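This is what each chain is made of:
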Amino acid sequence: MLKQKGFTLVEILIAMFLGSVLLTMSTQVLIQIAKSNRLAHQSLLIQETGSLARQLLEKDIRRAGFFAGLKNNSSIGGSATRENFTPECFKDDERFSRMLFPSILGFDGLPEKFSCLDSVFPEGDVLVLRYLQATDAVSSKTSDSNKLYMKTSLNEGKLFKAKDKDYYSNELETDSNQGLYEVKTYIYHLRETSRQCSGKTVRALFREYNNSDGFMNAEEVVSGIVQMQFQYLHNGVLRNARDLKPEDWQAVESVAVDLLLASECMEDHDSEVKAFQLADATFQTEKNDAYFYEPLHFLVNLRNRPY
Amino acid sequence: MSGIFLFKKSTRTIKTVQGFSLIEVMVAMSLFSFSMLGMVSMQINMNRMIQDAFQKNRALSLAISRHEILELARKNAESENYLLPLWEKELSEKIPYVSSHIDQETTSHVSILWVSSQQTVNNCEEIVAPINEEAPENCLRL
């Protein structure tokens, strides 16, 4: 009979027991590592979200009000008429781009007339910014025919659309210090995206901008922002939009931005009910709310204020 | 225990000793556990570094806001009197800060010192270069 050598049952049992203990231990460690890696990834994503949103808002808030020396009462002519501001629904109205002043305008929450915007998060603030951006030449592309431009010299401005650039009415009377600019309008607000995670709709920062067709168009810029509040420095005090009179907007010196950043999805971590105070709004987390939150607050001075 | 038991049984039935000795098993297990410990400590270290980075990011954000307040103060002192207490409140809420400082001569540098897991400096104002290869973990000068 063939003599077989091998492990006894007891040896096998002990080896299996030891092996399983080691395996459990190492699995636990690996699970922990994977979990903390996910958390680290989320916290990095949140920081990225914050810095992106900050960069965008900072750039446009700083430049808001740059009108190459033109003021509210300067003579602005041209083939495209300058409109006075009316808080009408701008969605299908190209006049909105031609309402040049006030160059900064905020709303506490979604104003009634703006409610034509689809699925805007109604409690977040809305900020409208306008400025001129220097350019070399008027675009000759047919798709840009309704793009808005401004020619300026000292105290005179001509507002016109790209297709009308050769009209006589768009020529400046003086040749000195001529400048050519694109007229930029941006509206920052929060919206609910079509994406969902952990059963909740993902909120994102959206920006409406005046496109080459002359209308305002929405684009999603940064995802993962659940609340956004603005306060405005006027006469040395931070105020909410509702406390500023229409004529006060031109004297706003600085904007305080309050953002609440959040992970897009819930994460497996211990969560407790927390409350965040953002300007005049409070954000309360829910009981089983396992999102990551990080408040971000910063101040941006406007560069172009009439002093 | 198990090692002795195995050894006795094998000497009775077959004369040669086969399998691992107790020493071998212990060396193997200690190596394994050391590597596990290493992985865990690496993880803890990484978490701490992420926390430090988070804190530094907050400090950076606060320092930039402080510069904006400084700029406003050049035009009128009113805004600074109003905004500075708000800024200091935010600073104390967001990071475990020790002190903040403005260079009095130039008013062009803001320095913030806080408590961190790696306490590399005790005085933030002495750091000459704001960004260098060995930037301190608990201080920011902008």
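Throughout, a residue's number is its position along its own chain's written sequence, starting from 1. As they are written, the chains are lettered A onward and the ligands numbered 1 onward, keeping that order. Local features in a predicted model are, by the rule used here, given only for residues with pLDDT of at least 70; side-chain atom pairs are given and counted only at 80 or more, and totals for whole chains, interfaces and linings are based on all residues.

Trainee: Explain the pairing of strand β6 (residues 179–197) of chain A here, please?
Mentor: Where a strand is regular, its side chains alternate between the two sheet faces. All names here are of chain A. Bridge count for strand β3 (residues 126–134) against β6 is eight bridges, and the pairing is antiparallel. Of the residues in β6, the one forming a bridge with Tyr-131 is Lys-184. As judged from the nine bridges shared by β6 and strand β7 (residues 200–210), these two strands associate in the antiparallel manner. Looking at the pairing, Cys-197 lines up with Lys-200 of β7. Pairs of strands are assigned from DSSP output, requiring at least two bridges between the strands. Working definition: helices are DSSP H or I runs of at least four residues, strands are E runs of at least two. Numbering for both runs from the N terminus.

Trainee: How should I be thinking about helix α1 (residues 9–63) of chain A in this particular structure?
Mentor: The periodicity of an α-helix, 3.6 residues per turn, causes residues three or four positions apart to be oriented the same way. Residues and elements named next belong to chain A. Between its first and last C-alpha, α1 extends 80 Å over 55 residues, near the 81 Å set by a 1.5 Å rise per residue. Residue burial here comes from a neighbour count, namely the number of other C-beta atoms, placed from the backbone, that lie within 10 Å of the residue's own C-beta, with 20 or more meaning buried, 12 or fewer meaning exposed, and in between meaning partly exposed. Turning to α1, its buried residues number three or more, namely Ser-43, Ile-46, Thr-49, Gly-50, Ala-53, Leu-57, Asp-60 and Ile-61. Two residues or fewer past α1, Gly-65 is found with a positive phi of approximately 90°. Here the expected span of a helix is defined as 1.5 Å times the quantity of residues minus one.

Trainee: Sorry, what's going on with the interface of chain A and chain B here?
Mentor: The figure often quoted for interface size is the accessible area lost as the parts come together. On the side of chain B, 25 residues touch chain A, which itself brings 24 residues to the contact. Elements that contribute at least two residues to the side of chain A that touches chain B include exactly α1 and β14 (293–301) of chain A. When residues of the side of chain A that touches chain B are assigned to their parent elements, the largest contribution, 12 residues, is made by α1(A). Residue composition of the side of chain A that touches chain B, by class: 13 nonpolar, nine polar and two charged. Contact between residues is assigned whenever the C-beta positions, reconstructed from backbone atoms, fall within 7 Å. Each residue gets one label: Ala, Val, Leu, Ile, Met, Phe, Trp, Tyr, Cys and Pro are nonpolar, Asp, Glu, Lys and Arg are charged, and the others, such as Gly, are polar.

Trainee: Would you explain the pairing of strand β9 (residues 225–234) of chain A in this entry?
Mentor: All names here are of chain A. Of all the 10 residues making up β9, nine are buried; the element is thus mostly covered by neighbouring parts of the structure. Relative to strand β11 (residues 254–262), β9 is paired through eight bridges, and the arrangement is antiparallel. Note that in β11 the partner of Gln-229 across the bridge is Asp-258. Where β9 lies against strand β10 (residues 237–239), three bridges are found, and the strand directions are antiparallel. Each bridged residue has a counterpart across the sheet, and for His-234 the counterpart in β10 is Val-237.

Trainee: Would you mind going over the sheet that holds strand β1 (residues 97–102) of chain B with me for this structure?
Mentor: In a beta sheet, neighbouring strands pair by backbone hydrogen bonds and run either parallel or antiparallel. Residues and elements named next belong to chain B. Taken together, three strands build an open sheet; the order of strands is β1-β2-β3 and the sheet is antiparallel. Because the sheet does not close on itself, it has two edges, and the strands there are β1 and β3 (139–141). Direction aside, neighbouring strands of the sheet carry axes that sit 5° apart on average. With three bridges joining them, strand β2 (residues 110–114) and β3 adopt antiparallel strand pairing. Bridge pairing links Leu-113 to Cys-139 in β3. Lying over the sheet, helix α2 (residues 22–75) contacts β2 and β3, oriented at roughly 150° with respect to β2. Only the contacting stretch of a helix is used when fitting its axis, a line to C-alpha atoms as for every element, and angles between N-to-C directions run 0 to 180 degrees.

Trainee: What exactly am I supposed to notice about the packing of α1(A) against α2(B) here?
Mentor: The relative placement of two packed helices comes down to the angle between their axes together with the axis-to-axis distance. Running from N to C, α1(A) and α2(B) cross one another at 15°; their axes reach a closest spacing of 11 Å. Here α1(A) lies roughly parallel to α2(B), going by the angle between them. Along this stretch, α1(A) crosses α2(B), giving a crossing that reads as left-handed. Across the interface between the two elements, Leu22(A), Met25(A), Ser26(A), Val29(A), Gln32(A), Ile33(A), Ser36(A), Ala40(A), Ser43(A) and Gln47(A) of α1(A) pack against Phe32(B), Met36(B), Met39(B), Val40(B), Gln43(B), Met46(B), Asn47(B), Ile50(B), Phe54(B) and Asn57(B) of α2(B). Note on terminology: angles under 35 degrees are roughly parallel, angles over 145 are roughly antiparallel, angles of 65 to 115 are roughly perpendicular, and the others are oblique. By definition, turning the near helix anticlockwise from the far helix through less than a right angle yields a left-handed crossing, and turning it clockwise yields a right-handed one.

Shape is all these values report; function is a separate question.
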